Amino acid sequence: MITVCPSILSADFAKLAEEIQDVEKKGARCIHLDLMDGHFVPNLTFGIPVVQAVRKYTQLPFDAHLMVEHPETYIDGLAAAGVTYVTVHQEACVHLDRVLQAIHDAHMKAGVALNPATPVTTLEWVAAQVDLILIMSVNPGFGGQRFLPYAVEKIKQARALLDASGNTCAAVQVDGGINRKTAPSVKAAGATFLVAGSAIFGASDRAEIIRFLQA
Ligand SMILES: O=C(CO)[C@H](O)[C@H](O)COP(=O)(O)O
Ligand SMILES: [Co+2]
């Protein structure tokens, strides 16, 4: 079962609530929120007040991808804003184990994202306690970038690591450059959460591309 998560990074920010309702109506199962602080990545998007503001416009689970320094300072605010998944970057967490515990203590699901250059093996000792591993298939910070093909091998490695740790319930998510051409290979490699921004929000028929990615 594939979960398609439209990334609102490519939505029209001037009508965010309508854009979210539109992709919900067209079959999305989750909303991917890219929080960027202008430090961890060279771009700035939105923070917790915007997440809170749009929460009342959809029933879909919120999946927060934190491209920020000190992600631990966001946890309580995201829990209060009704977020389901909180994904922190391995590269942003000196005390990753503690951050994962804090996310669980706040009654949310905990994900860890890996930049393209970060090996999957860095998650060996926390694999048993994550709910999701996010393989970045572009360098984080911007939508509309080209898919990095070696992410496919990393997806396989992430799935194998989760299975070896006995954590068969956790998901492997992929984010960056997912479209009609790249989706089949990431699904075949074991990704079950597909993030797509430009491919969905830029499509003339959003329902059709969501159906395609979900199939
Ligand atoms: O995390 C992200 C960027 O850092 C976005 O989720 C991602 O890039 C989605 O955009 P697209 O599908 O257009 O690549
Ligand atoms: Co993202």
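Remember, predicted model here, so these are calculated numbers, not experimental data. (Residues numbered from 1 in each chain as written. Chains lettered and ligands numbered in written order. Predicted model: local features only at pLDDT ≥ 70, side-chain atom pairs only at ≥ 80, totals over all residues.)

Draft legend 1. Summary view of the UniProt feature "binding site: substrate" (unreviewed entry) in the protein. Listed under "binding site: substrate" (unreviewed entry) in the UniProt record, and renumbered for this structure, are Ser7, His65, Gly141, Phe142, Gly143, Gly144, Asp175, Gly176, Gly177, Gly197 and Ser198. Looking at where His65 falls in the secondary structure, it is placed in strand S3 (residues 62-67). Those residues within four positions of His65 in sequence are excluded, and the remaining contacts are His32, Leu33, Asp34, Leu35, Thr87, Ala113, Leu134 and Asp175. With respect to the secondary-structure elements, Gly176 resides in the loop between strand S7 (171-175) and helix H6 (183-189). If we skip the residues at most four places from it in the chain, Gly176 touches Met136, Ser137, Val138, Gln145 and Phe147. (UniProt positions renumbered as here; feature names shortened; annotations may be inferred. Helix = DSSP H or I, 4+ residues; strand = E, 2+ residues; numbered from the N terminus. Contact = placed C-beta atoms within 7 Å.)

Draft legend 2. Expanded view of the site of ligand 1. In the region of ligand 1, 23 residues are neighbours, and Ser7, Pro140, Gly143, Gly197 and Ser198 sit closest. Residues that form the shell around ligand 1 fall into these classes: nine nonpolar, 12 polar and two charged. (Near = placed C-beta within 6 Å. Nonpolar A, V, L, I, M, F, W, Y, C, P; charged D, E, K, R; others polar.)

Draft legend 3. Quick look at the environment of Ala207. Within the element layout of this structure, Ala207 appears in helix H8 (residues 206-214). The class for Ala207 is partly exposed, based on 15 C-beta atoms found within 10 Å. For the pair formed by Ala207 and Lys156, sequence separation is 51 residues and the distance between their alpha carbons is 28 Å. (Buried ≥ 20, exposed ≤ 12 C-beta atoms within 10 Å, placed from the backbone.)

Draft legend 4. Representation of the environment of Leu78 in the model. The residue Leu78 is located in helix H3 (residues 75-80) in this model. A residue is classified by how many C-beta atoms lie within 10 Å of it, and Leu78, with 25 of them, is buried. Leu78 sits 27 residues away from Val51 along the chain, and the two C-alpha atoms are 7.8 Å apart. The contact partners of Leu78, leaving out residues within four places of it in the chain, are Ile48, Val51, Ala64, Val83, Val86 and Met108.

Draft legend 5. Looking closely at the sheet that holds strand S6 (residues 132-136). Taken together, the eight strands give an open sheet; going across it, the order is S1-S8-S7-S6-S5-S4-S3-S2, and neighbouring strands pair in parallel fashion. This sheet does not close on itself; its edge strands, each paired only once, are strand S1 (3-6) and strand S2 (31-36). Here the strands of the sheet are splayed against their neighbours by 25° on average, with no regard to which way each runs. In this structure, S7 lies alongside strand S8 (residues 193-196), joined through three bridges in parallel fashion. Counted as the bridge partner of Gln173 is Phe193 from S8. Seen against the sheet, helix H4 (residues 96-105) touches strand S4 (85-89) and strand S5 (109-114) and runs at an angle of roughly 145° to S5. (Pairing = 2+ DSSP bridges. Axes fitted to C-alpha atoms, helices over the stretch in contact; angles between N-to-C directions.)

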